[in-house]
Amino acid sequence: MNIRIEGVTKKLIKESIFISGSKSESNRLLILQKLFSELSIENLSDSDDTHHLQHALTTSDSEINIGHAGTAMRFLTAFFATQNNRTVVLSGSDRMHNRPIQILVNALRDLGAEISYVEKEGYPPLKISGKELTQDTVKINGNVSSQYISALLLIAASLPKGLTIELIGKITSIPYIEMTLSLMDQIGIKSQFEGQIIKVAPLKEAKAQTLVVESDWSSASYFYSIVALCDVGTEITLTAYKKESLQGDSVLSEIYEHFGVETSFDSNSVTLKKVSERGENTLEVDLNKAPDIAQTIAVTCFGLGMSCNLFGLHTLKIKETDRLEALKAELTKMGADISVTDHSLHLQSSTKINADVAIETYNDHRMAMAFAPLGLRTSLEVIDAKVVTKSYRNFWSDLQQIGFQLTEK
Ligand SMILES: O=C(O)C1=C[C@@H](OP(=O)(O)O)[C@@H](O)[C@H](O)C1
Ligand SMILES: C=C(OP(=O)(O)O)C(=O)O
């Protein structure tokens, strides 16, 4: 299914949208719940990725397909490695079979795990024969994906002596590691993160409690982009959000000040308001700590006719698609002058925006959602629009609620 977006007015009505729980927080809590029990979780993400993870944790099948869900693939690899007397084959979509996992597999093997590659060395599918992991220290490269480190942290307290992890090199996507440690802390797992070393103490059972997942900040990014592209005065309220977030993507509230969007928090919601025209014509920002909002920001800059230099993007090459190449291809079709390196993106300012372009989404939910706000500037079509359910099930109906006119093709 493709979706055509046209004739969207830049004076959107004041609206309030409820967004479901953070995919990242939900996926962590589900693993912790399975390992330490006694936790109940509210406002769980309703994303495909979280459904895949939930299914994997409840099925007794020996073959589990995780689709496009990268975080679930990494977390479950560590989880199943610790499950005594159970062997599973963990596979995924074609793209998943090209997303590297060797760094995590090597670390788990160093801890005593039995994992083999079913097809290509270094990539899923994996055959995992669970056993008790006896080692308590491990070294791992920190600059490829923080998901490998979070995967180790989530099982760490279930190991007999806990775990000490030494991170090698520059650590990427750090807020996601901090989120993992913070959620672990909330259920009573003690840890220390100093320099390149993380130490986690063992825990037998978590304290019984209910944890409420904050709504997803990466999903909120698309509304920041919409408000930025609207007329001054436009206002959208999103629930359920809080000022002190565990999610690194909450840095949106600072970044979007450059585009004239002001953020204010209420007890359970955040309001985004376009208060002025955009500031300087160029945005320079390092997104190493918030890689998932890079696509949104690049498209906002294009829609506002701004130039930008985005850095710290090396992890984008191994996500749902090579997001740097995908952005370059699709923004070029829209009329942009853009170049990318292996870790950065450079967009020249221009007021030219082509009409009636069909945007390829490359099985990447964030390509579809990042480009949709351009409907405020021109008419466009989003190919394979259902891809959004990977992280945001109601994305298209929520856009309709705030006044977007959409036609299914
Ligand atoms: O741990 C997590 O929940 C995530 C970590 C990040 O990945 P990298 O550490 O690979 O950048 C992020 O891009 C992904 O969407 C979710
Ligand atoms: C990169 C993402 O997810 P994952 O790595 O979990 O597939 C994402 O949601 O943008």
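Residues numbered from 1 in each chain as written. Chains lettered and ligands numbered in written order. Predicted model: local features only at pLDDT ≥ 70, side-chain atom pairs only at ≥ 80, totals over all residues.

### Description of the site of ligand 2
Counted only if it meets this: Contact assignment follows one rule, namely that a residue is near a molecule or strand if its backbone-placed C-beta atom lies within 6 Å of it. Charged means Asp, Glu, Lys or Arg here, nonpolar means Ala, Val, Leu, Ile, Met, Phe, Trp, Tyr, Cys or Pro, and polar covers whatever is left, Gly included. For the domain bounds, the source is a domain assignment made automatically or taken from a database.
Every residue near ligand 2 is listed here: D49, H68, A69, G70, T71, D292, K319, E320, R366 and S391. Here the residues of the shell around ligand 2 are counted per class, giving one nonpolar, four polar and five charged. When residues of the shell around ligand 2 are sorted by domain, at least three fall in each of domain 1 (3–21 + 215–408) and domain 2 (23–212).

### Details of the sheet that holds strand β2 (residues 15–18)
The strands making up a sheet associate through hydrogen bonds between their backbones, and the pairing can be parallel or antiparallel. In plain terms, the rule: Criterion used throughout: strands pair if DSSP finds at least two bridges between them. The helix count covers DSSP runs of H or I at least four residues long, the strand count covers runs of E at least two residues long, and both are numbered beginning at the N terminus. To obtain each axis, a line is fitted to C-alpha atoms, and for helices this fit is confined to the stretch in contact; angles are then taken between N-to-C directions over 0 to 180 degrees. Placing a C-beta atom from the backbone of each residue, one calls two residues in contact when those atoms lie within 7 Å.
Judged by pairing direction, the sheet is mixed, and its four strands sit side by side in the order β2-β13-β15-β14 without closing on themselves. Unpaired on one side and paired on the other, β2 and β14 (261–265) mark the two borders of the sheet. Averaged over all neighbouring strand pairs, the angle between strand axes comes to 20°, with direction disregarded. Where strand β13 (residues 235–239) lies against strand β15 (residues 269–274), five bridges are found, and the strand directions are antiparallel. Of the residues in β15, the one forming a bridge with E235 is K273. Each of β2, β13, β14 and β15 touches helix α7 (residues 217–229); the most contacted strand, β15, lies at about 25° to it.

### With respect to the domain arrangement of the protein chain
Looking at the protein chain, the domain boundaries give domain 1 (3–21 + 215–408) and domain 2 (23–212). The distance between the C-alpha centroids of domain 1 and domain 2 comes to 29 Å. Facing the 21 residues of domain 1 at the interface are 23 residues of domain 2. Looking at the side of domain 1 that touches domain 2 residue by residue, the classes come out as five nonpolar, eleven polar and five charged.

### Digging into the site of ligand 1
Residues in close proximity to ligand 1 include S24, T71, S145, S146, Q147, S150, T172, S173, Y176, P291, D292 and T315, which together make up its full environment. When residues in the shell around ligand 1 are grouped by element, the largest group, three residues, is from helix α5 (residues 146–156).

### Digging into the nonpolar core
One broad trend across soluble globular proteins is that nonpolar side chains are buried collectively. Filter applied, for reference: The nonpolar core is taken to be a set of buried Ala, Val, Leu, Ile, Met, Phe, Trp, Tyr and Cys residues joined by way of C-beta atoms within 7 Å. Partly exposed residues are those falling between the two cut-offs: more than 12 but fewer than 20 other C-beta atoms within 10 Å of their own, whereas 20 or more means buried and 12 or fewer means exposed, with C-beta atoms placed from the backbone.
The biggest cluster of nonpolar side chains holds 71 residues, and the ones touching the most others in it are A298 and F371. With nine residues, the single largest contributor to this core is α7. Once residues lying within four places of it in the same chain are set aside, the contact partners of A298 are C308, L310, L327, L331, L345 and L347. Counting 63 residues, the second largest nonpolar core, distinct from the first, contains L29, I165, L181 and I187.

### Focus on the confidence of the model for the protein chain
This is how the line gets drawn: Every residue gets a pLDDT, meaning the predictor's confidence in that residue, from 0 to 100.
Looking at the protein chain, pLDDT values average 96 and 100% of them are 70 or higher. Taken together, the chains of this predicted complex give a pTM of 0.97 and an interface ipTM of 0.99.

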